[in-house]
Amino acid sequence: MKRLECLRAIYDKLEGSLVVTIMGAVATELQSLGHKPNFFYLQHAMGLGSSTGLGLALCLPQQKVVVFDGDGSILMNLGGYSTMARYRPKNLVHVVFDNESLLSVGGFPTATSTGTDLEGVARAAGIPHNKTVKGLEEFTRAFNEAMRTNELTSIVAKVEAVGPSGYVTGLALLENRFQFKRYIENLK
Amino acid sequence: MPVSLANSGVLYQALKKCGIGLVSALPETWLVHLIRMAEDDPQMILVRLAKEEEGVGISAGAHFAGVKSAMLMQNHGFLASINGIVSFAQLYRIPLLMLISYRGHFGERDPWQTQGGGATEPLLRALGIPYSFLDDPAKVEKRIAEAQTWAYSSLHPAALLLTRELMWEEPAP
């Protein structure tokens, strides 16, 4: 299963949600499918994608928030699982694309390649709904279910360690940031 | 515990007056009363963190959501947050209001706090983060309001150092 296929399969379901991605392949690939003003790409600060989603979800409890995380990023902030679990916002869906690799820096294996089970970590941290998925259909079903369910959900999607050839896109970081904030302002 | 309850109350009321709706915190001795006040306030979203750097992401999310926030942490928590401050708050122009308890400075008896005490101001300066001191309860409200005003007009982190003078009531020998 490829990350890009996963994103393509659920792209239409992101409408109306606030979407936060981490840096690297997931940001570039989501943009390649078409940038939307409700997408924010955190192009550094590894580990803080989930924290940003948590802040949004707690401040906007009526708004669905989706975080696209990665194994390299979440491994830098495993405590973030425990903080999400502590407040368990019902409107937060956390997806980890686990390619067992720090792909964008040359493909160095992460600890998930040697057995660290992120679903197990999330469950033990207290996240109420957890699933690991390996196929596209299974991913799509799990994601759609998480979007329907009114419970904090963390999905670990095992994907191939392949990505785009480059990571810099035409969208300036600040343009994205101001557009995203403006989008939220206009929801009210 | 000789942490000043009265001055913690002054700080909390100042945060409320500034319209703070979310506080992230990691407990440390000087902050215990403040965190309890946030916890007892049904209007306040309190996020207890595992590590202070998470607070940068949470404050950024709150900012995007239109909620004013403050981060409560020890100076060692500031040290632990530096990548997030630089590669999120500064990179993306996020206003952060950081209230940092200034441990390890003159008067500190805990040896383990002293190295961080010496590093705090040089690091704030190196990062270009303006800061002022909260040392006089009569000036707390004004200084917090001014720091917040600057953080929002510049879209940049600002720091307030909570001093021993304000936070600690040393019992008479």
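Treat the numbers as computed from the prediction; the structure is a model and nothing was measured.

*Asks:* Honestly, the overall build of chain B in this entry has me stumped. Any pointers?
*Replies:* The helix and strand inventory of chain B stands at 8 helices and 6 strands. Helices and strands in chain B line up, N terminus first, as α-β-α-β-α-β-α-α-β-α-β-α-β-α. Relative to the 2.2 N^0.38 estimate, which gives 16 Å for 173 residues, the radius of gyration of chain B is 15 Å and therefore close to what a compact globule would have. Each principal axis of the C-alpha distribution contributes one length, and for chain B these read about 50 × 35 × 30 Å. Relative to its 173 residues, chain B shows a buried fraction of 47%.

*Asks:* Would you take a moment to explain helix α6 (residues 118-125) of chain A for this structure?
*Replies:* In an α-helix, one full turn covers 3.6 residues, which means residues spaced three or four apart are oriented alike. Residues and elements named next belong to chain A. Of all the positions in α6, only L118, V121 and A122 are classed as buried. Around the axis of α6, the buried residues are gathered within 95° of arc, so they sit on the same side. For α6, the secondary structure elements touched by its buried residues are α4 (71-75), α5 (79-87), β4 (92-98), β7 (129-133) and β8 (153-158). At the exit of α6 stands G126, carrying a positive phi of roughly 110°.

*Asks:* Any chance you could explain the interface of chain A and chain B here in plain terms?
*Replies:* The figure often quoted for interface size is the accessible area lost as the parts come together. The partner chain B presents 27 residues to the 27 residues of chain A that form the contact. Sorting the residues of the side of chain A that touches chain B by element identifies α3 (49-59), α5 and α8 (173-185) of chain A as the ones contributing at least two each. Per-element tally for the side of chain A that touches chain B: the top contributor is α3 of chain A, with 8 residues. Looking at the side of chain A that touches chain B, its residues break down into 13 nonpolar, 10 polar and 4 charged.

*Asks:* Teacher, can you tell me more about the sheet that holds strand β2 (residues 39-41) of chain A here?
*Replies:* Neighbouring strands of a sheet are bound in pairs by backbone hydrogen bonds; such pairs are parallel or else antiparallel. Residue and element names in this part refer to chain A. As summarised here, the arrangement of the 6 strands in space is β2-β1-β3-β4-β8-β7, forming an open sheet in which the pairing is parallel. The open sheet terminates on both sides in strands that have one partner only, identified here as β2 and β7. Here the strands of the sheet are splayed against their neighbours by 15° on average, with no regard to which way each runs. Relative to β2, strand β1 (residues 18-21) runs parallel, the two sharing 3 bridges. By the bridge assignment, V20 is partnered in β2 with F40. Packing of helix α7 (residues 136-148) onto the sheet brings it into contact with β4, β7 and β8, and relative to β8 it is tilted by some 165°.

*Asks:* How should the pairing of β7 of chain A be read in this particular structure?
*Replies:* Regular strands show a simple pattern: their side chains alternate between the two faces of the sheet. Residue and element names in this part refer to chain A. Taken together, the 5 bridges between β7 and β8 define a ladder with parallel strand orientation. Paired with T132 across the strands is V156, a residue of β8. In this fold, the crossover linking β7 to β8 by way of α7 has right-handed handedness.

Conventions used here
- Residues numbered from 1 in each chain as written.
- Chains lettered and ligands numbered in written order.
- Predicted model: local features only at pLDDT ≥ 70, side-chain atom pairs only at ≥ 80, totals over all residues.
- Helix = DSSP H or I, 4+ residues; strand = E, 2+ residues; numbered from the N terminus.
- Rg over C-alpha atoms; globule rule 2.2 N^0.38 Å.
- Buried ≥ 20, exposed ≤ 12 C-beta atoms within 10 Å, placed from the backbone.
- Arc of directions from axis to C-beta.
- Contact = placed C-beta atoms within 7 Å.
- Nonpolar A, V, L, I, M, F, W, Y, C, P; charged D, E, K, R; others polar.
- Pairing = 2+ DSSP bridges.
- Axes fitted to C-alpha atoms, helices over the stretch in contact; angles between N-to-C directions.
- Right-handed = clockwise from strand over helix to strand, strands pointing away.

Any link to function would need more than the numbers given here.
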